[in-house]
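# Descriptive structure summary
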Amino acid sequence: QVQLVESGGGLVQAGGSLRLSCAASGRTFSRYVMGWFRQAPGKEREFVAAITWSGSTTDYVDSVKGRFTISRDNAKNTVYLQMNSLKSEDTAVYYCAADGDSTWYSARTRRSGYGYWGQGTQVTVSS
């Protein structure tokens, strides 16, 4: 079992930065693929970024490439999402998610690929 708690959301002006954190409980955090998703009002939850258990490989949705960076610290059981050059269209509730190794190869960009979810943190970008 893994429990996930996000933090770091808030209100920021366009062009600004935020760093989201997701703290995980559970002794096997280092063996999980971690992902970030977001959901804007009236829209489906969409994939943002994912990272392998070792942190050596990452993946991003095209709209955030070059602006967002996902990373993890397995010693702290925490995954991060550094968000730079924020745009109004980045406004959403951001969720972190976790699942086993196989998710990376089969479903890392799909909501159905993750069995564990946090409660979400609101990010609002004002233009």
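The preceding data block contains the structure.
If you're wondering where the values come from, they're calculated on a predicted model, not measured in any experiment. (Residues numbered from 1 in each chain as written. Predicted model: local features only at pLDDT ≥ 70, side-chain atom pairs only at ≥ 80, totals over all residues. Heavy atoms only, no water.)

Okay, the side chain of Asp 59 next. Residue position: Asp 59 is located in strand S6 (residues 58-60). Taking relative accessible area as the criterion, Asp 59 reaches 18% and is therefore assigned buried. Only 2.9 Å separates the side chain of Asp 59 from the side chain of Arg 108, close enough to count as a polar contact. Those residues in contact with Asp 59, other than ones at most four positions away along the chain, are Phe 47, Val 48, Ala 49, Ala 50, Trp 104, Arg 108 and Thr 109. (Helix = DSSP H or I, 4+ residues; strand = E, 2+ residues; numbered from the N terminus. Buried < 20%, exposed > 50% of the residue type's maximum accessible area, 1.4 Å probe, protein only. Polar contact = N/O pair within 3.5 Å; in protein donor to acceptor, adjacent residues only side chain to side chain. Contact = heavy atoms within 4.5 Å.)

Of all 6 residues in strand S8 (residues 78-83), 5 are buried, a share of seventy percent or more. Taken together, the 6 bridges between strand S3 (residues 18-24) and S8 define a ladder with antiparallel strand orientation. Pairing of Cys 22 across the sheet is with Val 79, part of S8. (Pairing = 2+ DSSP bridges.)

Moving on, we come to the pattern of salt bridges. For the structure on display, the rule yields 5 salt bridges. Close ionic contact of Arg 108 with Asp 59 constitutes a salt bridge, the shortest N to O distance being 2.9 Å. Pair noted here: Arg 108 is in the loop between helix H1 (102-106) and strand S10 (116-117) and Asp 59 is in strand S6, with a separation of 49 residues, a long-range link. Because the salt bridges share partners, they merge into one network encompassing Arg 38, Glu 46, Arg 67 and Asp 90. (Salt bridge = Lys/Arg side-chain N within 4 Å of Asp/Glu carboxyl O.)

This model, assessed by the stated rule, comprises 5 aromatic pairs. For the pair Phe 37 and Phe 47, a centre-to-centre distance of 5.7 Å together with 75° between the ring planes defines the contact as edge-to-face. Here Phe 37, found in strand S4 (residues 33-39), pairs with Phe 47, found in strand S5 (residues 46-51); they are 10 residues apart in sequence, far enough to count as distant. Judged by its relative accessible area of 9%, Phe 47 is buried. Through pairs of rings, three or more aromatic residues link up here, namely Phe 37, Phe 47, Tyr 114 and Trp 117. The residue whose ring lies beneath Arg 45 is Tyr 95, and the NZ or CZ to ring-centre distance is 3.6 Å. One residue, Arg 108, lies across the ring of Trp 104, its end atom 4.5 Å from the ring centre. (Phe/Tyr/Trp six-rings, centres within 6.5 Å; stacked < 30°, edge-to-face > 60°. Lys NZ or Arg CZ within 6 Å of the ring centre and 35° of its normal.)

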